[in-house]
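# Commentary on secondary and tertiary structure
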Amino acid sequence: MLLIPAIDLKDGHCVRLQQGDMKNSTTFGEDPAAMARRWVEAGARRLHLVDLNGAFAGKPRNEAAIKAILAEVGEEVPVQLGGGIRDLDTIERYLDDGLSFIIIGTAAVKSPGFLRDACSAFGGHIIVGLDAKDGKVATDGWSKLTGHEVVDLAKKFEDYGVEGVIYTDIGRDGMLTGINIDATVRLAQALTIPVIASGGLSNLADIERLCAVQDQGIEGVICGRAIYSGDLDFTAAQARADELNGAAPA
């Protein structure tokens, strides 16, 4: 079970939102590169970046901060990024900068042909991000709820060749109310590609519950507010996950 610290970027700073609300943000750091270093030193084996401004604007907005993070830790751990990625040129530029994975969310739902092209052009580097509430996919920074079922879309995108799916329960994100284990397992069971859980991680018990179902196809979990607030000790949690799953620390 891979615990993946999230670094959410807003106006060049590290923040956390509650339920995707840009007006309800807490700043946890002014230096994104230093934050990335902090998590790598704590034992992170992958980092999850979100360009929040980009997600709402539909185009990159925090490239300077992203490049600073890659310069700091990009050669040590894989780094994945989502938020505002809507064209192949942007993907190519980010991969050239050193990102390992590109997360496509809203554009995958609204322009599935774009996702198919991205998988074709950049095989091995494309992850789809599906954000949902009550099983229905949301887009545009969670501001619009669609009629698409999560499992149906994920299976279609799997056929396109995505590397994995990040599944976020937007009703829980940033609320420390616990991962939606059941919905995550249902999705993972329907796919052959790995699923990364996201939204609501609150404590070590959540990690233990995820480890218990890892063999259903759940590869990791995004760690957000809980590791910033201190509700979850990241290093101890990754060590516990390794112990439960019999994995030797990297």
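Details of the structure are given in the entry above.
Each value, and the rule that gives it
- All chains use their own residue numbering, which begins from 1 and follows the written sequence.
- Whole-chain, interface and lining totals are the exception, using all residues; otherwise, since this is a predicted model, local features are given only for residues with pLDDT of at least 70 and side-chain atom pairs are given and counted only at 80 or more.
- The basis for every side-chain value is the complete set of heavy atoms in the structure, and neither hydrogens nor water enter the calculation.
- Partly exposed residues are those whose accessible area sits between 20% and 50% of the maximum for their type, while under 20% is buried and over 50% is exposed, using a 1.4 Å probe and protein chains only.
- Secondary structure elements are defined from DSSP: runs of H or I of at least 4 residues count as helices, runs of E of at least 2 residues count as strands, and each element is numbered from the N terminus.
- To obtain the arc, one takes the directions from the helix axis to the C-beta atoms.
- Note on method: axes are straight lines fitted to C-alpha atoms, helices fitted across the in-contact stretch only, with angles between N-to-C directions ranging 0 to 180 degrees.
- Note on convention: near helix rotated counterclockwise from far helix by under a right angle means a left-handed crossing. Clockwise means right-handed.
- Here a residue-residue contact requires only that any non-hydrogen atoms of the pair lie within 4.5 Å.
- For this scheme, ten residues count as nonpolar: Ala, Val, Leu, Ile, Met, Phe, Trp, Tyr, Cys and Pro. Four count as charged, namely Asp, Glu, Lys and Arg, and the remainder, Gly too, count as polar.
- Note on pairing: two strands pair once DSSP finds at least 2 bridges between them.
- Note on handedness: a crossover is taken as right-handed if, strands pointing away from the viewer, the path from the first strand over the helix to the second is clockwise.
- The working definition used for a salt bridge is a side-chain nitrogen of Lys or Arg within 4 Å of a carboxyl oxygen of Asp or Glu.
- The pairing test for Phe, Tyr and Trp rings, Trp by its six-membered ring, is centres within 6.5 Å, and the orientation test on the planes gives stacked under 30 degrees, edge-to-face over 60, and tilted for anything in between.
- Placement of a charge over a ring requires the Lys NZ or Arg CZ to be within 6 Å of the ring centre, with the centre-to-atom vector within 35 degrees of the ring normal.
- With a 1 Å grid laid over protein atoms only, a set of points is called a cavity when a 1.4 Å probe fits there but cannot get out and a pocket when it is open yet has protein on both sides within 12 Å along at least five of seven lines; lining residues have an atom within 4 Å of a point.
- Grid points are joined across faces, edges and corners, and a volume is the space filled by probe spheres set on the points.

### Structural notes on helix H6 (residues 112–121)
Here H6 has its buried residues at Phe-114, Leu-115, Ala-118 and Cys-119. Seen end-on, H6 carries its buried residues on one side only, within an arc spanning 135°.

### Details of the packing of helix H1 (residues 32–41) against helix H3 (residues 63–73)
Following both chains from N to C, one finds H1 and H3 inclined at 35°, their axes separated by 8 Å at the closest point. Viewed along their axes, H1 and H3 form a crossing whose handedness is right-handed. Taken together, the residues of H3 that come into contact with H1 (itself represented by Pro-32, Ala-33, Ala-36, Arg-37 and Val-40) are Ala-65, Ala-68, Ile-69, Glu-72 and Val-73. Looking at side-chain class alone, the contact of H1 with H3 contains 8 nonpolar, no polar and 2 charged residues.

### A look at the pairing of strand E12 (residues 218–223)
Summarising burial for E12: 5 of the 6 residues are buried, a large majority. Across 3 bridges, strand E11 (residues 195–198) lies against E12 in parallel orientation. Bridge pairing in E12 links Val-195 to Ile-218. With helix H9 (residues 204–212) bridging E11 and the parallel E12, this β-α-β connection has right-handed handedness.

### Considerations on the pattern of salt bridges
Enumeration over the complete set of coordinates arrives at 9 salt bridges. Here Arg-93 ties to Glu-63 by a salt bridge, and the two come within 3.1 Å at their closest N and O atoms. Placement of the pair is Arg-93 in helix H4 (residues 88–97) and Glu-63 in helix H3, with a sequence separation of 30 residues. Classification of Arg-93 by relative accessible area gives partly exposed; the value is 33%. In this structure, Asp-206 engages Arg-209 in a salt bridge whose closest nitrogen and oxygen atoms are separated by 3.5 Å. Residue Asp-206 and its partner Arg-209 are both found in helix H9; the two are separated by 3 residues, about one turn of the helix. Overall, Asp-206 belongs to the buried group, its relative accessible area being 4%.

### Brief notes about the packing of aromatic side chains
All chains considered together, the criterion is met by 4 aromatic pairs. With a centroid separation of 5.4 Å and an interplanar angle of 85°, the aromatic rings of Trp-39 and Tyr-228 are classed as edge-to-face. Of the two residues, Trp-39 is situated in helix H1 and Tyr-228 in helix H10 (residues 225–229); the sequence distance between them amounts to 189 residues. The pair formed by Trp-39 and Tyr-228 is uniform in burial state, with each residue classed as buried. An aromatic cluster is defined as three or more aromatic residues linked by ring pairs; in this entry it consists of Phe-28, Trp-39, Tyr-228 and Phe-234. The cationic tip of Arg-93 hangs over the ring face of Tyr-94; the distance from NZ or CZ to the ring centre is 6.0 Å.

### Remarks on the layout of surface pockets
The space that makes up the largest pocket amounts to roughly 160 Å³. Gly-135, Val-150, Tyr-167, Ala-183 and Arg-186 are, among the 13 residues lining the largest pocket, the residues nearest its centre. Elements represented by at least two residues in the lining of the largest pocket include exactly strand E7 (126–133), helix H7 (150–160), strand E10 (164–169) and helix H8 (181–190).

### Notes on unusual backbone geometry
Notably, Asp-11 is not glycine yet its phi reads approximately 55°, a positive angle. Even without being a glycine, Asp-134 presents a positive backbone phi close to 55°. Mapped onto the secondary structure, Asp-134 falls in the loop between E7 and strand E8 (136–139).

### Brief notes about the environment of Asp-140
Turning to its location among the elements, Asp-140 is positioned in the loop between E8 and strand E9 (144–149). Along the sequence, Asp-140 and Gly-164 sit 24 residues apart, while their C-alpha atoms lie 20 Å from each other. What Asp-140 contacts, discounting residues up to four positions off in sequence, is Phe-56, Thr-106 and Lys-110.

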